[in-house]
Amino acid sequence: MIEKARFAPGAPGLEPRWTSSAKSGVGTALSASSRIWFTLSHGIFNEIYFPRLDQACTRDFGLMVTDGRDFFSEEKRHTTSEVSYLEKGVPAYQLINTCNSGRYRIKKTILTDPDRDAVLQQTSFETLQGGFQDYHLYVLLAPHLGNFGAGNTAWVGEFKGIPMLFAERDETCLALASSVPWLHRSAGYVGSSDGWQDVSTHKQMLWAYERAENGNVALTGEVDLSSSHGGEFLLVLAFGRTPAEAGLRARFCLFAGVEQARAEYAKGWRRWQEGLIPLDEDHAGLYRTSTAVLRIHESNRFPGGLIASLSIPWGFAKGDEDLGGYHLVWPRDLAETAGGFLAAGAVDDPRRVLDYLRATQESDGHWPQNMWLDGMSYWTGVQMDETAFPILLVDLARRQGALGSRGFDPFWPMVRNAAAYIVQNGPVTQEDRWEEDPGYSPFTLAVEVAALLAAAEMANLKGQGSTARFLEETADSWNESIERWTYVKNTVLAKNVGVEGYYVRVSPPDTAAGASPAEGYVPIKNRPPSEGVETAGQIVSPDALALVRFGLRAAEDPRILQTIKVIDSLLKVDSPKGPLWRRYNDDGYGEHEDGSPFDGTGTGRAWPLLTGERAHYELAAGHREEAQRLMEAMESFANSGGMLSEQVWESPDIPERELFFGRPSGSAMPLVWAHAEYIKLRRSIREGKVFDMPPQTVERYVQRHVGSPYSIWRFNQKSRTMSPAKVLRVETLSPAVVHWSSDGWESTRQTETHDSGLGVHVADLDTSKLPAGGVVDFTFYWPGQKTWEGTNFQVRIEPDQ
């Protein structure tokens, strides 16, 4: 007997969790009328996003099958799933889920309605044993509206006489409708009164609760297979601000059916794909999948805003406290993605990205570490490369002729403000590109220096010669200091590998300013001295190859070659499909050794993205065949739906956790940055050169070997030593008079700062003729406040080692 009640028991349900990040497909319509993005995994819908790309509204949405007596099967757990595209480059899918017991098969066609906020699932249920009368088919939907699994309300209702299932939270609502009648419907709390508990226990629906309020809820409905046409029916999940709005859209879709929507959906994607460069002459389907992945991750409500991934890494272990997942904007990832668009020959797309960056830039010139699509920051760190990458994107788009008739003029204020922020606050970053350690990072330094030179070239084109000179002088000084800051010699690791030295991943800012390469690595503040060289100085990363990628060092530079030996000895993973690399030794971002999910600690795994970056290095080194081999390896790391993951499992198989050597781990998938890197790699290999390598740095530092006459001292970079024959350049953020002495204060000189025009005030002290071993003492008078600094500073002149 069916148990009926107005309200479901068991409120508020289990603590909500998200679901697998291992997406086999993602999709959206290229239409301003549809604000829906969907993800697929394990043969069913996972997160569906509405009305913004950064707001997940479901956990999952799938089917259950029983015989009403003793057989229970859930398609996401008990079937083998196959995924395919209805058309190459068009992210509409066919899913075929075959029961592991050989009793049924479910075929689905999945897409969004281009004209409405709804997803469509044309479903075909096939019996492999018995007939329709032998099975019950149930729909199970877990609403997580507005990025929250808690606080949802679900109920059984109707819209204008059509029975539906509804849920709402705040001002976001959904309605689930079927083209064939519902036999039973129920709303319940997850873990106590939901349909999964009911059907898995009783093998049929015995609960019919009308409403579940303010909790972690689920909706369940039994489809009347006997009323279907040979097991065929349409499920529509529609969204709106009100239940009526969602219900109306669902009804529209039921009337319209799936064929017209499918034709319009494919037409929009076909048109966009036809405008791209055909880099898939060898019919490599991953290229068109990758271009689609990039485009899918762009918001139509905030054009040009692209999130990092439609996934929540290790989502099955994450709850409402992880609001963002990866559906946030990282300016670095955004710029890298726009570079992928440019490599594919897109023009409008990167311009939209630049417009978005222009609108979301902070007043002081930087961008948040990451942010919601409306520009509100999420994390609070500052990464200098996140501010430098947009400059490089403007320059790349300019050189590719993608900025239109006005050129870079509309973006020059953005570039100037970003460059000003870099020279005021760099070169140290609060976190490196992996959002972890502060300090001097080869990757960040490479991006900063390249960005300053690109900005200098644009300043010259704008007739701002003095600004250009200051940017070049700063870039030259920072470039010349890279080895002093980040290259170490004679460490235990160097001796073990058999090299003289290597670039470290990050050197701490409070020690690197005065470190000498011969000293190895100065101990980090508050770390026992015995740990300094043995631990910190032996952390390496493929990030060092950015010095080649961004044109600061030649691929054959002995320091680069030695670093590669160290990288490969510590970080390279050989898989059956090809090599991968970890981010750095002692990385803690990844599953634990037993396969349990990352929970703030873990073991870092290998990244397909880094295989692409290594391929770009090999191409820069003239090893085109090796670059091709690595590109093919990168292709092999994609799953059956063509999705590239953030990380790959590189330990023995753990089948019960779905972890297999050389296959995606539980990290983000798809990672948009990885797909952008793959697109750029295809373009680079076709042209025989690195597509996005800045020419300014190559010409200045690799070809002409330009050095710097300056040694820079600033309050965030208090250099303790300088090389002989250098001018000591003192930089402040407000006007000052530098009182200084080179003879122990026996005599003093005064040098006033001058305004660089970029918020930095500069005083060049005439120290170029001082001998090695000399000392420069100085302090400051601040005329604006009419006060003295009250502290003396000192820089010692030491010969280079």
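Reading the values: the criteria
- Residues numbered from 1 in each chain as written.
- Predicted model: local features only at pLDDT ≥ 70, side-chain atom pairs only at ≥ 80, totals over all residues.
- Heavy atoms only, no water.
- Helix = DSSP H or I, 4+ residues; strand = E, 2+ residues; numbered from the N terminus.
- Rg over C-alpha atoms; globule rule 2.2 N^0.38 Å.
- Contact = heavy atoms within 4.5 Å.
- Areas by Shrake-Rupley, 256 points an atom, 1.4 Å probe, with all protein chains shown as cover.
- Lys, Arg positive; Asp, Glu negative; His and termini not counted.
- Charge placed at Lys NZ, Arg CZ, Asp CG, Glu CD.
- Pairing = 2+ DSSP bridges.
- Axes fitted to C-alpha atoms, helices over the stretch in contact; angles between N-to-C directions.
- Core = buried A, V, L, I, M, F, W, Y, C linked by side-chain atoms within 4.5 Å.
- Buried < 20%, exposed > 50% of the residue type's maximum accessible area, 1.4 Å probe, protein only.
- Salt bridge = Lys/Arg side-chain N within 4 Å of Asp/Glu carboxyl O.
- Parallel < 35°, antiparallel > 145°, perpendicular 65-115°, else oblique.
- Left-handed = near helix turned anticlockwise from the far one by under 90°.
- Nonpolar A, V, L, I, M, F, W, Y, C, P; charged D, E, K, R; others polar.
- Expected span 1.5 Å × (residues − 1).
- Arc of directions from axis to C-beta.
- Polar contact = N/O pair within 3.5 Å; in protein donor to acceptor, adjacent residues only side chain to side chain.

Engineer: Any chance you could explain the overall build of the protein here in plain terms?
Structural biologist: Within the protein, the secondary structure is distributed over 20 helices and 33 strands. The C-alpha radius of gyration computed for the protein amounts to 29 Å, which stays within 12% of the reference 28 Å derived for 801 residues, consistent with globular compactness. Dimensions of the protein, computed from the C-alpha atoms along their principal axes, are close to 100 × 55 × 50 Å. Contacts in the protein between residues far apart in sequence, at least 24 positions, make up 69% of those at least 6 positions apart. Accessible surface computed for the protein: about 28400 Å², of which carbon and sulfur atoms make up 48%. Within the protein, the 104 negative side-chain charges are centred at a point lying 3 Å from the centre of the 79 positive side-chain charges.

Engineer: Could you clarify how one ought to interpret the sheet that holds strand β24 (residues 710-714) in this entry?
Structural biologist: Sheet strands pair via backbone hydrogen bonds, and the direction of the pair is either parallel or antiparallel. Spatially, the four strands line up as an open sheet ordered β24-β26-β30-β29, and their pairing is mixed. Because the sheet does not close on itself, it has two edges, and the strands there are β24 and β29 (754-755). Summarising the sheet, strand β26 (residues 727-732) and strand β30 (residues 761-765) pair through five bridges and their orientation is antiparallel. Paired with Glu-731 across the two strands is Val-762, which belongs to β30. Most of the contacts of helix α11 (residues 465-486) go to β24, to which it runs at about 95 degrees, and overall it touches β24, β26 and β30.

Engineer: When you look at the nonpolar core in this model, what are you seeing that I'm missing?
Structural biologist: Proteins that are soluble and globular tend to have nonpolar side chains buried together. The biggest cluster of nonpolar side chains holds 221 residues, and the ones touching the most others in it are Ile-391 and Phe-550. Considering each element in turn, this core owes the most residues, 14 residues, to helix α10 (residues 442-461). In this structure, Ile-391 is in contact with Val-415, Ala-418, Ala-419, Ile-422, Ala-451, Ala-454, Ala-455 and Met-458, ignoring residues within four places of it in sequence. In this structure, Leu-728, Val-738, Ala-763 and Val-776 belong to the second largest nonpolar core, which totals 17 residues.

Engineer: Just checking my understanding: could you explain the pattern of salt bridges for this structure?
Structural biologist: Close approach of charged atoms lets side chains of opposite charge pair. For the structure on display, the rule yields 57 salt bridges. Glu-87 is paired through a salt bridge with Arg-270; the nearest N and O atoms lie 2.6 Å apart. Of this pair, Glu-87 sits in strand β7 (residues 79-87) while Arg-270 sits in helix α4 (residues 259-274), and the two are 183 residues apart along the sequence. Two residues, Arg-559 and Asp-557, come together in a salt bridge whose shortest N-O distance is 2.8 Å. Overall, the relative accessible area of 28% leaves Arg-559 in the partly exposed class.

Engineer: Would you mind showing me how to read the packing of helix α17 (residues 608-620) against helix α18 (residues 624-636) here?
Structural biologist: Packed helix pairs are characterised by how far apart their axes lie and by the angle those axes make with each other. Where α17 contacts α18, the axes come no closer than 8 Å and their chain directions differ by 165 degrees. Overall, the two elements α17 and α18 adopt an arrangement that is roughly antiparallel. The handedness of the crossing between α17 and α18 is left-handed. Judged by residue contacts, Pro-608, Leu-609, Thr-611, Gly-612, Arg-614, Ala-615, Glu-618 and Leu-619 of α17 engage Arg-624, Glu-626, Ala-627, Leu-630 and Met-634 from α18.

Engineer: In this structure, what is going on with the packing of helix α6 (residues 331-343) against helix α19 (residues 672-687)? I would like to understand it.
Structural biologist: Remark: α6 packs on α19, axes separated minimally by 8 Å, with the N-to-C direction vectors making an angle of 35 degrees. Between α6 and α19 the crossing geometry is left-handed. For the pair α6 and α19, the contacting residues are Arg-332, Asp-333, Glu-336, Thr-337, Gly-339, Gly-340, Leu-342 and Ala-343 in the first and Val-672, Trp-673, Ala-676, Ile-679, Lys-680 and Arg-683 in the second. In terms of residue class, the contact of α6 with α19 is made up of six nonpolar, three polar and five charged.

Engineer: I tried to follow helix α7 (residues 348-360) on my own but got confused; where do I start?
Structural biologist: Note: α-helices contain 3.6 residues per turn, so residues at a spacing of three or four share the same orientation. In this model α7 runs 19 Å from its N-terminal to its C-terminal C-alpha over 13 residues, within 8% of the 18 Å that 1.5 Å per residue would give. Taken as a whole, α7 has its buried residues at Asp-349, Pro-350, Val-353, Leu-354, Tyr-356, Leu-357 and Thr-360. Buried residues along α7 cover an arc of 160 degrees about the axis, so they all sit on one side.

Engineer: Help me understand the environment of Thr-337, please; the structure alone is not making it clear to me.
Structural biologist: Tracing the backbone through its elements, the reader meets Thr-337 in helix α6. Judged by its relative accessible area of 2%, Thr-337 is buried. A sequence separation of 457 residues divides Thr-337 from Gln-794, and the C-alpha atoms of the two residues are 45 Å apart. Sequence-distant contacts of Thr-337, that is, excluding residues within four places in its chain, are made with Leu-294, Leu-306, Val-672 and Ala-676.

Engineer: Looking at this model, I keep getting lost on the sheet that holds strand β21 (residues 572-575). Mind explaining?
Structural biologist: In spatial order, the strands read β21-β22-β23; together these three strands make up an open sheet with antiparallel pairing. Looking at strand neighbours, the two that pair on one side only are β21 and β23 (606-607), the edges of this open sheet. Judged from the four bridges that link them, β21 and strand β22 (residues 578-582) form a sheet pairing that is antiparallel. Across the sheet, the residue bridging to Lys-572 is Trp-581, located in β22. On the sheet, helix α16 (residues 558-571) packs against β21 and β22 and is oriented at approximately 95 degrees with respect to β22.

Engineer: Honestly, the side chain of Ser-756 in this entry has me stumped. Any pointers?
Structural biologist: The residue Ser-756 is located in the loop between β29 and β30 in this model. Looking at Ser-756, the relative accessible area reads 9%, which means it is buried. Here Leu-758 takes part through its backbone nitrogen, which lies 3.2 Å from a polar atom of the side chain of Ser-756. A distance of 2.8 Å separates the side chain of Ser-756 from the backbone oxygen of Val-760, its partner in a polar contact.

Engineer: Would you take a moment to explain the pairing of strand β8 (residues 90-99) for this structure?
Structural biologist: Regular strands have side chains that alternate between both faces of the sheet. The element β8 is extensively covered by neighbouring structure, given that nine of its ten residues are classed as buried. As defined by bridge partners, β7 adjoins β8 across eight bridges and the pair is classed as antiparallel. Each bridged residue has a counterpart across the sheet, and for Glu-82 the counterpart in β8 is Ile-96. Hairpin connection, β7 to β8: the antiparallel pair is bridged by two residues, and Gly-89 has positive phi, about 80 degrees. Inspection of the sheet shows β8 paired to strand β9 (residues 104-112) by six bridges, in the antiparallel sense. Note that in β9 the partner of Thr-98 across the bridge is Arg-105.

Note that all results are geometric; they support no functional claim without further evidence.
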